[in-house]
Amino acid sequence: MTTLTNAASGAIIAEVAAVIVANKVHLSQIDGLIGDGDHGVNMAKGFGRTAERMQGRTLTLSEAMTELADVLIAEIGGSMGPLYGMMFTDMADSIAATPVIDADAFGAMLRAGRDGVQAVGSAEVGDKTMLDCLVPAVSAYDDALAQGGDFAAALEAMQAAAVVGRDSTVNLVARVGRSARLGERSRGVVDAGATSCCLILHALADGALRRMTV
Amino acid sequence: MTTLTNAASGAIIAEVAAVIVANKVHLSQIDGLIGDGDHGVNMAKGFGRTAERMQGRTLTLSEAMTELADVLIAEIGGSMGPLYGMMFTDMADSIAATPVIDADAFGAMLRAGRDGVQAVGSAEVGDKTMLDCLVPAVSAYDDALAQGGDFAAALEAMQAAAVVGRDSTVNLVARVGRSARLGERSRGVVDAGATSCCLILHALADGALRRMTV
Amino acid sequence: MQRFVNDPDDIVDETVRGFVRAHRDLVRIDPANPRVVVAVSAPVKGKVGVVTGGGSGHEPAFIGYTGRNMVDAVAVGELFSSPTAKSFADAIRAANGGAGVVVLYGNYAGDNMNVKMAQKLAAKDGIEVQTVVANDDVCSAPATERDKRRGVAGEIFMWKIGGAKAAAGASLAEVRATAQRAIDLCRSVGVGLGPCTLPTVGHPNFQIEPGKMEVGIGHHGEPGAFVTDLRRADDVADQMVDLVMDDHALPAGTEVAVLVSGLGATPVNELYVLYDRIEQRIAARGQIVHRAYVGNYFTSLEMVGATLTVMALDDEMKALLATDTACPGF
Amino acid sequence: MQRFVNDPDDIVDETVRGFVRAHRDLVRIDPANPRVVVAVSAPVKGKVGVVTGGGSGHEPAFIGYTGRNMVDAVAVGELFSSPTAKSFADAIRAANGGAGVVVLYGNYAGDNMNVKMAQKLAAKDGIEVQTVVANDDVCSAPATERDKRRGVAGEIFMWKIGGAKAAAGASLAEVRATAQRAIDLCRSVGVGLGPCTLPTVGHPNFQIEPGKMEVGIGHHGEPGAFVTDLRRADDVADQMVDLVMDDHALPAGTEVAVLVSGLGATPVNELYVLYDRIEQRIAARGQIVHRAYVGNYFTSLEMVGATLTVMALDDEMKALLATDTACPGF
Ligand SMILES: Nc1ncnc2c1ncn2[C@@H]1O[C@H](COP(=O)(O)OP(=O)(O)O)[C@@H](O)[C@H]1O
Ligand SMILES: Nc1ncnc2c1ncn2[C@@H]1O[C@H](COP(=O)(O)OP(=O)(O)O)[C@@H](O)[C@H]1O
Ligand SMILES: [Mg+2]
Ligand SMILES: [Mg+2]
Ligand SMILES: [Mg+2]
Ligand SMILES: [Mg+2]
């Protein structure tokens, strides 16, 4: 059975952080169209700081996620702090006691993260938020497994669905968050949080795919 | 001897006021070039109110001047209140006990007004103020009399000198008042106070000339 | 940008530092967290702690209302952005005198989330936390959905009343209930005439055309009820009073406290011009102004505009409002 | 113009009316003159009356400093224009408790003339009047011509000290001497980043190019010492401190009171950013901040910018500064 070693996978979070930092300007630009233009700054600050603090240390995947969540919750604030903070807290908690992460454990972790975001943010699919990426991506992962796919196939299904989910926000009208002020005028532009969420899910899956052992 | 009856000359002040009110926009425009653009407004308010309050009443020249001075001092404030206020107070006081005003009494009245402005404002000829009109105009009146001219000739000499004095401010740099802030940049424009002073002296002389009896 | 700023990323830290330097007789920085401002008097043993927090750029709110018989500790966020859950939690700890802590904050998504999380963190330390969410901004949602309304300058009355009630030795439940009643008695409206710019962003966060005004605007430029022609100050004042008082629907003869705050760049004399008419309009509608506050109490950087808050009073509220307080914001 | 205004000609009357409505616990309008604001406590029999006055548009100055143990009566002028001699005289009469009246005002041509005339009018009523002319603005003339310098926000300290001294029962000569000493101990500087517009005029009264600042600007846009590039807030703060403290030349260890006022449209948080550095710079130069005031204390309509005032203290000044006062401006 294909699995991921928790102890050997902490660096995945450093890779996720590197992707976010590399997309700082891009994310802020998107947020600038219908938000306040700081999403890249907020995200890069939280993820970048975590990467710095992880340097030279060997962390498990769950430890690294906790580290990231702590920075988000303690140092970022706004909406991103609690939303991604709870996502990574709940993902970390879900695998904290799991040295070897199989496809089911990984799926449980994803569902925990999704539920964490929904619990703290009370938004729904269709509100033009990161949930429009996260929810279908997690479902696609589950569906792939249910349909007999393996761990890798499920991760790839998740990545594909994340892109579709992110792009689905273009035609939505924002109902929560800062862009909601624009009403109809928020249509036609991709959501910043959905974009960062898609980047995170991709990097997470890529990191897992690279580290899988049979 | 040519004289002016104090009792019959109060309406001169109404005529002076009418000239000021008619030049409200003009005076403010001039003040707007190197000042704060309110000279016409300030002047029209004070002179116009006086004219309204004089309506239907018969005042002596000294009473009318006191009325004007009181409005300026009590209701206008700024710099114009005290400057023209003291000018007309001191002019009124100088002729208050003079039922029949001859050329000498009129000259004494003019000098009292000039001294009043200088006492309260402490400005000098050359500072680019109303004094650049008032001081040479009063001197021209005195000189004309000293050189044997009659009352009418002296008034006309005053009018001519007032114009020259007003125009002399064009090439001056403001050293007092609001325009002083501009330093060299205040050169090239006529002074608003000198312009209103010239209008006042002209209307005063015209009113006197029309009312003279031999 | 014609601003006094160093690195725009440092503006909040420098503001807090300068604030605590200037008002060290009343406030200090939490040694555990540079984004928490604490009253020098706090914590008071046996007293219910009073906490608030919110994004920066609204000075003197929120930090300015820290002090004696007022708010005990304030969590400070980035400009127009909620403080972290940790800062709210640290503020709760700093305010905790052993009798529980009430968090009196405004209804914004980020604040709701961060306070919720802070509450959990504080619970781990055994601190009982209750909350009141201010929602006094009448134009931000219809009266039927009051829980969706934003919190604005009415929060100042909520803090003053809550702070006074706590100082009087009331229990956590009592302080919560009284602060809740205070904000329930408040209605506010904002009118925007010009936008503001986040120094980190560099361009205005919205636009208002010359000659127009946005009625019902929020403290971060959230859209108002409508954009219309900017009319005479008396008409604007009437409209503000009517929006607030129609929603309030108070019995004739009710005494009220009124707070008119500039949004940042409106000259103080214009606030008095508005107030002159506001009081007359309130009187014409049958209510009586018991006490008024006019000034820059809750701003939005250099936004041009003003807010009106009307709080209905009864004897208890009047007494609590009269409680002697000391804080930099008043 | 994005303003709350009715007829621009009425703005001053409406401001005064709104002000007195809002603060009727502290102030009233002189029944003899709608352009005179009087403390409800005034006149106090046997106490020296304290009067000030000046143009409008600087709110909360001048009217906001009327109150208990502060200024007894204020003469109110048009926007940026001196009050009438009659208003100064009526303010003197309203403040007169039989022990003489001190007029504490700023060094402007119009005010000098109108106060001089008011003094004569009051003398006719048998009221002894003495005056102190504030001249704390260091950039408005060289130190050798201090009598030519304008009066700016240092006036607030002059009023507070003069008001406290009078409240303590001092004689007219003593109050005058103490207020004179207070302003002699003050030095101020203003930095302008953007102009303001008189509503009656309709266009800005001067221009400051983006990216530039006018160091030494006056309260009506009077020209500064120089126009230069707008630099980082810390550099601006250092420059303001140095201009003020070089002129001051105080011995090391001198305690000072500091007042940082916004000019109208500068957000409050920027004032704290400036203050954060100002206090450090003052300390680095060897003086000690005893007390600080940061906020919109003396504005110029919606001018963008700030002023710094530093007052040297001794034991008497510290005690007078600590005197309990009640006025809308603090
Ligand atoms: N309640 C919510 N639930 C989930 N995501 C949300 C919620 N509110 C906002 N978001 C996401 O947050 C993103 C904006 O993040 P960011 O710009 O960092 O914060 P802010 O809006 O405070 O400036 C939005 O694009 C949206 O995807
Ligand atoms: N000290 C002074 N002595 C004589 N005239 C003066 C003095 N100061 C100013 N003025 C005159 O006042 C005029 C401006 O008047 P006005 O615009 O009504 O007042 P303000 O400058 O207060 O707006 C100037 O043009 C100048 O002639
Ligand atoms: Mg933001
Ligand atoms: Mg954003
Ligand atoms: Mg003027
Ligand atoms: Mg003028």
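For every chain, the first residue of the written sequence is number 1, and numbering continues from 1 along that sequence. Ligands are numbered from 1 and chains lettered from A, in the order in which they are written. Only residues with pLDDT of at least 70 get local features here, since the model is predicted, and only at 80 or more are side-chain atom pairs given and counted; chain-wide, interface and lining totals rely on the full set of residues. Note: side-chain values were computed over all heavy atoms of the structure, leaving out hydrogens and water.

**Student:** Got a minute to help me understand the confidence of the model for chain C in this structure?
**Tutor:** Close inspection of predicted coordinates is inappropriate in any region flagged by low pLDDT. For every residue, the predictor reports its confidence as pLDDT, a number between 0 and 100. In the predicted model, chain C carries a mean pLDDT of 96, and 100% of its residues have values of at least 70. Here the complex is predicted with pTM 0.93, and the ipTM for its interfaces comes to 0.91.

**Student:** I'm lost on the pairing of strand β12 (residues 304-312) of chain C in this one. Help?
**Tutor:** Regular strands show a simple pattern: their side chains alternate between the two faces of the sheet. All names here are of chain C. Burial of β12 is extensive: 9 of the 9 residues sit out of reach of the surface. Relative accessibility decides the category of a residue: with a 1.4 Å probe and only protein chains considered, values under 20% of the type maximum give buried, values over 50% give exposed, and everything between is partly exposed. Secondary structure follows DSSP: runs of H or I at least 4 residues long count as helices, runs of E at least 2 residues long count as strands, and numbering of each begins at the N terminus. Neither face of β12 is left uncovered, since the one carrying Val304, Ala306, Leu308, Val310 and Ala312 and the one carrying Gly305, Thr307, Thr309 and Met311 both have all their residues buried. Two strands pair if DSSP finds at least two bridges between them. The pairing of strand β7 (residues 186-194) with β12 spans 8 bridges and is antiparallel. By the bridge assignment, arginine 187 is partnered in β12 with valine 310. Where strand β10 (residues 255-262) and β12 come together, 7 bridges link them in antiparallel fashion. Within β12, the residue paired with valine 256 across the bridge is alanine 312.

**Student:** Before we go on, may I ask you to explain the pairing of strand β11 (residues 288-295) of chain C in this structure?
**Tutor:** All names here are of chain C. Bridge analysis of β10 against β11 gives 7 bridges, and the strand direction is parallel. Along β11, the bridge assignment pairs alanine 257 with arginine 291. By the criterion used throughout, a crossover qualifies as right-handed when its path from the first strand across the helix to the second strand runs clockwise, the strands pointing away from the viewer. Each parallel crossover has a hand, and for β10 linked through helix α7 (residues 268-284) to β11 it is right-handed.

**Student:** Would you mind going over the sheet that holds strand β8 (residues 212-215) of chain C with me for this structure?
**Tutor:** Residues and elements named next belong to chain C. Strand order in this open sheet of 6 strands is β9-β8-β7-β12-β10-β11, and the pairing throughout is mixed. Edge positions in the sheet fall to β9 (226-229) and β11, since each has one partner strand and no second. Each adjacent strand pair in this sheet contributes to an overall mean axis angle of 20°, direction not counted. Each of β10, β11 and β12 touches α7; the most contacted strand, β10, lies at about 160° to it. Between the N-to-C directions of two axes lies an angle of 0 to 180 degrees, each axis being a line fitted to C-alpha atoms and, for a helix, fitted only over the stretch in contact. Any two residues whose heavy atoms approach within 4.5 Å are treated as being in contact.

**Student:** Looking at this structure, I do not really get the pattern of salt bridges. What am I missing?
**Tutor:** A side chain of one charge can pair with a side chain of the opposite charge when the charged atoms of the two come close. Each reported salt bridge corresponds to a side-chain nitrogen of Lys or Arg within 4 Å of a carboxyl oxygen of Asp or Glu. Taken as a whole and judged by the stated rule, the model has 78 salt bridges over all chains. The closest approach of N and O atoms between A:Glu15 and A:Arg211, which form a salt bridge, is 2.5 Å. Of this pair, A:Glu15 sits in helix α1 (residues 11-22) while A:Arg211 sits in helix α9 (residues 192-211), and the two are 196 residues apart along the sequence. Given the relative accessible area of 22%, A:Glu15 is considered partly exposed. Overall, A:Arg211 belongs to the partly exposed group, its relative accessible area being 22%. The salt bridge partner of B:Arg57 is B:Glu67, with a shortest N-O separation of 3.0 Å. Here B:Glu67 lies in helix α4 (residues 61-76) and B:Arg57 lies in the loop between α3 (39-54) and α4, a separation of 10 residues in the sequence. When its relative accessible area of 18% is taken as the criterion, B:Glu67 is described as buried. Connected via shared salt-bridge partners are C:Asp234, C:Asp238, C:Asp242, C:Asp246, C:Arg277, C:Arg281 and C:Arg285.

**Student:** Sorry if this is basic, but what is going on with the interface of chain C and chain A here?
**Tutor:** Interfaces are often sized by the amount of accessible area the parts lose when they come together. Each side of the interface is counted separately: chain C has 20 residues, and chain A has 18 residues. Here the quantity called buried area is the total loss of accessible area, with a 1.4 Å probe, experienced by two parts when brought into contact, counted for both. Interface area, chain C with chain A, both sides summed: about 1,500 Å², of which 58% is carbon and sulfur. If you sort the residues of chain C by the area they bury against chain A, C:Thr84, C:Met113 and C:Met117 come out on top, with a joint share of 34%. The tally of links between chain C and chain A comes to 1 salt bridge. We note a salt bridge from C:Glu78 to A:Lys45, for which the minimum N-O separation is 3.6 Å. Identification of polar contacts relies on pairs of N or O atoms within 3.5 Å, with a donor-acceptor requirement for protein atoms, meaning one able to donate a hydrogen and the other able to accept it, and with residues adjacent in sequence counted only if both atoms are side-chain atoms. Seen at the junction of chain C and chain A, the total is 5 residue pairs in polar contact (both at pLDDT 80 or more). For the side of chain C that touches chain A, the secondary structure elements donating two or more residues are α2 (85-95) and α3 (109-124) of chain C. No other element matches the 5 residues that α3(C) contributes to the side of chain C that touches chain A. Basically, the charged four are Asp, Glu, Lys and Arg, the nonpolar ten are Ala, Val, Leu, Ile, Met, Phe, Trp, Tyr, Cys and Pro, and anything else, Gly included, counts as polar. For the side of chain C that touches chain A, a count of residues per class yields 9 nonpolar, 6 polar and 5 charged.

**Student:** Looking at this structure, I do not really get the packing of aromatic side chains. What am I missing?
**Tutor:** Two measures describe an aromatic ring pair: the distance that separates the ring centres and the angle between the ring planes. Between rings of Phe, Tyr and Trp, where Trp is taken as its six-membered ring, a pair exists when centres lie within 6.5 Å; planes separated by under 30 degrees are stacked, by over 60 edge-to-face, and by other angles tilted. Using the criterion set out here, one finds 30 aromatic pairs over all chains in the structure. Ring geometry for C:Phe19 against D:Tyr272: centres 5.3 Å apart, planes inclined by 75°, an arrangement best described as edge-to-face. Highlighted residues: C:Phe19 in helix α1 (residues 11-22) and D:Tyr272 in helix α7 (residues 268-284), drawn from two different chains. Judged by its relative accessible area of 1%, C:Phe19 falls in the buried class. Summarising the aromatic geometry, the rings of D:Tyr297 and D:Phe330 are spaced 6.0 Å apart at their centres and angled 55° between planes, so their arrangement reads as tilted. In this pair, D:Tyr297 is assigned in the loop between β11 (288-295) and β12 (304-312) and D:Phe330 in the segment after α8 (315-321), connecting sequence segments 33 residues apart. Given a relative accessible area of 12%, D:Tyr297 falls into the buried group. Through a chain of ring-to-ring contacts, the aromatic side chains of C:Phe62, C:Tyr65, C:Phe157, C:Trp159, C:Tyr293, C:Tyr297, C:Phe298 and C:Phe330 assemble into a single cluster. Placement of a charge over a ring requires the Lys NZ or Arg CZ to be within 6 Å of the ring centre, with the centre-to-atom vector within 35 degrees of the ring normal. When the ring centre of D:Phe330 is taken as origin, the NZ or CZ atom of D:Lys160, which lies over that ring, is 5.5 Å away.

**Student:** I keep staring at the interface of chain D and chain C and nothing clicks. Help me out?
**Tutor:** Of the residues lining the interface, 57 residues belong to chain D; the matching set on chain C comes to 57 residues. Roughly 4,700 Å² of surface becomes buried between chain D and chain C when both sides are summed, with 54% attributable to carbon and sulfur atoms. Of all residues in chain D, the largest losses of buried area upon contact with chain C belong to D:Gln2, D:Phe4 and D:Tyr272, amounting jointly to 20% of the total for that side. On the surface where chain D and chain C come into contact, there are 8 salt bridges. The closest approach of N and O atoms between D:Arg17 and C:Asp276, which form a salt bridge, is 2.6 Å. Summed over the shared surface of chain D and chain C, the number is 28 residue pairs in polar contact (both at pLDDT 80 or more). Sorting the residues of the side of chain D that touches chain C by element identifies α1 (11-22), β7 (186-194), α6 (233-248), α7, β11 and β12 of chain D as the ones contributing at least two each.

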